[in-house]
Amino acid sequence: MKSDLFASEHLAQPSAAPGMTLQNAKSVKYAVNGEMLARQGSMVAFRGNLQFERKGQGIGGMLKRAVTGEGLALMSVRGQGEAWFAHQAGHCFIIDFEPGDALTVNGRNVLCFDPTLSYEIKMLKGAGMTGGGLFNSLFTGTGKLAVVCDGHPVIIPVTAQNPVYVDTDAVVGWSAALETGLHRSQSVGSMIRGGSGEAVQLMLRGEGFVIVRPSEVTETAAAH
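Every value quoted in this text rests on a predicted model; they were computed, and no experiment measured them.

The rules behind the values
- Residues numbered from 1 in each chain as written.
- Predicted model: local features only at pLDDT ≥ 70, side-chain atom pairs only at ≥ 80, totals over all residues.
- Heavy atoms only, no water.
- Helix = DSSP H or I, 4+ residues; strand = E, 2+ residues; numbered from the N terminus.
- Buried < 20%, exposed > 50% of the residue type's maximum accessible area, 1.4 Å probe, protein only.
- Areas by Shrake-Rupley, 256 points an atom, 1.4 Å probe, with all protein chains shown as cover.
- Contact = heavy atoms within 4.5 Å.
- Salt bridge = Lys/Arg side-chain N within 4 Å of Asp/Glu carboxyl O.
- Phe/Tyr/Trp six-rings, centres within 6.5 Å; stacked < 30°, edge-to-face > 60°.
- Pairing = 2+ DSSP bridges.
- Axes fitted to C-alpha atoms, helices over the stretch in contact; angles between N-to-C directions.
- Core = buried A, V, L, I, M, F, W, Y, C linked by side-chain atoms within 4.5 Å.
- Patch = residues over 30% accessible without salt bridge, like charges linked within 9 Å, V, L, I, M, F, W, Y side chains within 5 Å.

A few words now on the overall build of the chain. The number of helices and strands found in the chain is three helices and 16 strands. Evaluated residue by residue, the chain yields a buried proportion of 41% over its 224 residues. Within the structure as shown, the chain displays about 12,200 Å² of accessible surface, and the carbon and sulfur contribution to it stands at 54%.

Quick look at the structure:
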């Protein structure tokens, strides 16, 4: 049987060492030797002796799900083997944390991570202004985190002199040391959303960066 489908770049090779690697631009391979953590529902294939167990989110996670309808629902993967993770053909990136690194990530963008990383669900101040994307996971420690992004992300530098305002639906993550707040804008909301009512942006100030995903095309816009 012959096809470009069977080209070598598409073939899953045996892992050289435990841990995560990019299988391709839209999937992550994890060679499990003990335990790792992943977003529930993100496993697309596995081989070997692996057990999957739902992991509780704790009070913070339950609060997030109650308020926003979203949550970082995790599963623990234990044993010896290999597993592949992906989410809706989104672009995957692996972030290697070194001592002292800290990154805040929106739960919808978390794919999988090493158990050596610590995570804590946090709520932004003033989150009562709006209902979505305001509960995020703070990652610290050493190890690797795989994130998934709809489309190609944009990395925007943030400085104390030039704060950045990001649509709460578009933010993927940001430097944990940044000062954050919520900003209401009637005029901006009317222009970028094409409708009436107030828009709420995430304001970031300090020294660092913010990761933004391109906004999805709405069904209404796609029809035109």
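Bringing the side chain of N136 into the picture now. Here N136 shows up in strand β9 (residues 135–141). Contacts of N136, omitting those with residues within four sequence positions, involve T104, V105, N106, E120, I121, K122, L124 and W174.

Turning to the pattern of salt bridges, a few remarks are in order. Taken as a whole, this structure holds six salt bridges when the rule is applied. With its nearest N and O atoms 2.9 Å apart, the salt bridge here joins E53 to R78. Of the two residues, E53 sits in strand β3 (residues 43–55) while R78 sits in strand β4 (residues 74–85), which places them 25 residues apart along the sequence. Overall, R78 belongs to the partly exposed group, its relative accessible area being 34%. Ionic contacts of the salt-bridge type, sharing partners, join the residues K29, R47 and E82 into one network.

This part is about the environment of A160. Looking at where A160 falls in the secondary structure, it is placed in the loop between β11 (154–158) and β12 (164–167). For A160 and G206, which are 46 residues apart along the polypeptide, the C-alpha to C-alpha distance reads 4.2 Å. Those residues in contact with A160, other than ones at most four positions away along the chain, are R205, G206 and E207.

Attention shifts here to the packing of aromatic side chains. Applying the stated rule across the entire model yields four aromatic pairs. Centroid distance F113 to F139: 5.0 Å. Interplanar angle 75°. Geometry classified as edge-to-face. Within this pair, whereas F113 is found in strand β7 (residues 110–113), its partner F139 is found in strand β9, the two being separated by 26 residues in sequence. On the basis of relative accessibility, which here comes to 0%, the residue F113 falls in the buried class. Residue classification places F139 among the buried positions, given a relative accessible area of 0%. Through successive ring pairs, a cluster of aromatic residues spans F113, Y119 and F139.

Before going further, it helps to examine the sheet that holds β12. Across the sheet, which stays open at both edges, the three strands sit in the order β12-β15-β14 with antiparallel pairing between neighbours. For this open sheet the edge positions go to β12 and β14 (179–185), each flanked by a neighbour on one side alone. For this sheet, the mean inter-axis angle between neighbouring strands, taken without regard to orientation, is 35°.

Turning our attention to the nonpolar core. The biggest cluster of nonpolar side chains holds 16 residues, and the ones touching the most others in it are V28, M36, F85 and C112. At the level of secondary structure, the elements contributing two or more residues to this core comprise β2 (27–39), β4, β7 and β10 (143–149). In terms of residue count, β2 provides more of this core than any other element does, five residues in total. Residues in contact with F85, not counting those within four places in the same chain, are S27, V28, Y30, M36, A38, S42, M43, V44, M75, V77, L111 and C112. One finds V158, V164, A170 and L202 within the second-largest nonpolar core, a separate group that totals 14 residues.

A few words on unusual backbone geometry. If you check the backbone angles, Q88 has positive phi at about 50° while not being a glycine. As for its position among the elements, Q88 is in the loop between β4 and β5 (91–97). Residue A89 is not a glycine yet carries a positive backbone phi of 55°. Its relative accessible area of 49% is what places A89 among the partly exposed residues.

On the surface, a cluster of nonpolar side chains totalling about 430 Å² of accessible area is made up of M1, L5 and F6. By the element assignment, F6 lies in the segment before β1 (19–24).

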